[in-house]
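Understanding the architecture of this molecule
Listed below are the residues making up each chain.
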Amino acid sequence: MITIVADFDVKPDCVDKFIRLAADCTRSTHKENGNLSYKVFQARCDKSKFTFIEEWLNDVAIDKHNEMPHFKLFLSQIAPLINGDPVIKQIMNVPAIR
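Source: prediction; values computed, not measured.

**Comments concerning the packing of helix α1 (residues 15-29) against helix α3 (residues 69-78)**
Where α1 contacts α3, the axes come no closer than 10 Å and their chain directions differ by 170°. What the angle tells us is that α1 and α3 run roughly antiparallel. Of the residues in α3, those touching α1 at F18, L21, A22, C25, S28 and T29 are H70, F71, F74, Q77 and I78. Here the residues of the contact of α1 with α3 sort into seven nonpolar, four polar and no charged.

**Notes on the nonpolar core**
Judged by nonpolar contacts, the single largest core of 22 residues is most densely connected at F8, V10, F18, F52, F74 and I78. If one sorts the elements of this core by residue count, α1 sits on top with five residues. Residues contacting F8, with those up to four places away along its chain left out, are F18, S48, K49, F50, F52, I78, I82 and P86.

**Observations concerning a nonpolar patch on the surface**
Where nonpolar side chains cluster on the molecular surface, the patch consists of M1, L36 and L57 and spans about 290 Å² of accessible area. Positionally, M1 belongs in the segment before β1 (2-9). Accessibility expressed as a relative area gives 41% for M1, which makes it partly exposed.

**A few points about α3**
For α3, every residue scored as buried is listed here: H70, F71, F74 and I78. Along α3, the residues classed as buried sweep out an arc of 100° about the axis, all on the same side. Buried residues along α3 sit against β1, α1, β2 (35-42), β3 (49-56) and α2 (59-67).

Reading the values: the criteria
- Residues numbered from 1 in each chain as written.
- Predicted model: local features only at pLDDT ≥ 70, side-chain atom pairs only at ≥ 80, totals over all residues.
- Heavy atoms only, no water.
- Axes fitted to C-alpha atoms, helices over the stretch in contact; angles between N-to-C directions.
- Helix = DSSP H or I, 4+ residues; strand = E, 2+ residues; numbered from the N terminus.
- Parallel < 35°, antiparallel > 145°, perpendicular 65-115°, else oblique.
- Contact = heavy atoms within 4.5 Å.
- Nonpolar A, V, L, I, M, F, W, Y, C, P; charged D, E, K, R; others polar.
- Core = buried A, V, L, I, M, F, W, Y, C linked by side-chain atoms within 4.5 Å.
- Buried < 20%, exposed > 50% of the residue type's maximum accessible area, 1.4 Å probe, protein only.
- Patch = residues over 30% accessible without salt bridge, like charges linked within 9 Å, V, L, I, M, F, W, Y side chains within 5 Å.
- Areas by Shrake-Rupley, 256 points an atom, 1.4 Å probe, with all protein chains shown as cover.
- Salt bridge = Lys/Arg side-chain N within 4 Å of Asp/Glu carboxyl O.
- Arc of directions from axis to C-beta.

So this is what it looks like as structure tokens:
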């Protein structure tokens, strides 16, 4: 399993629109083969900061997701709503630590 953590800095006046677009993307992503989990979080102290935490079966599933029309549309729609580029990390569990 591969986990992706993606942080977004949304312009304060665009938060509501970002949430609507993220909800649409999330609903479509949940239907994808290889998607184990896809959740969106909002910072408690700064409502313009969002974190997506995604779990994928493997790299093939991630690659397919990145090519999905709904995901490409989401990226194009949020581009004017965010400050800078999202910060994206791919991480994995450490098997020796439970």
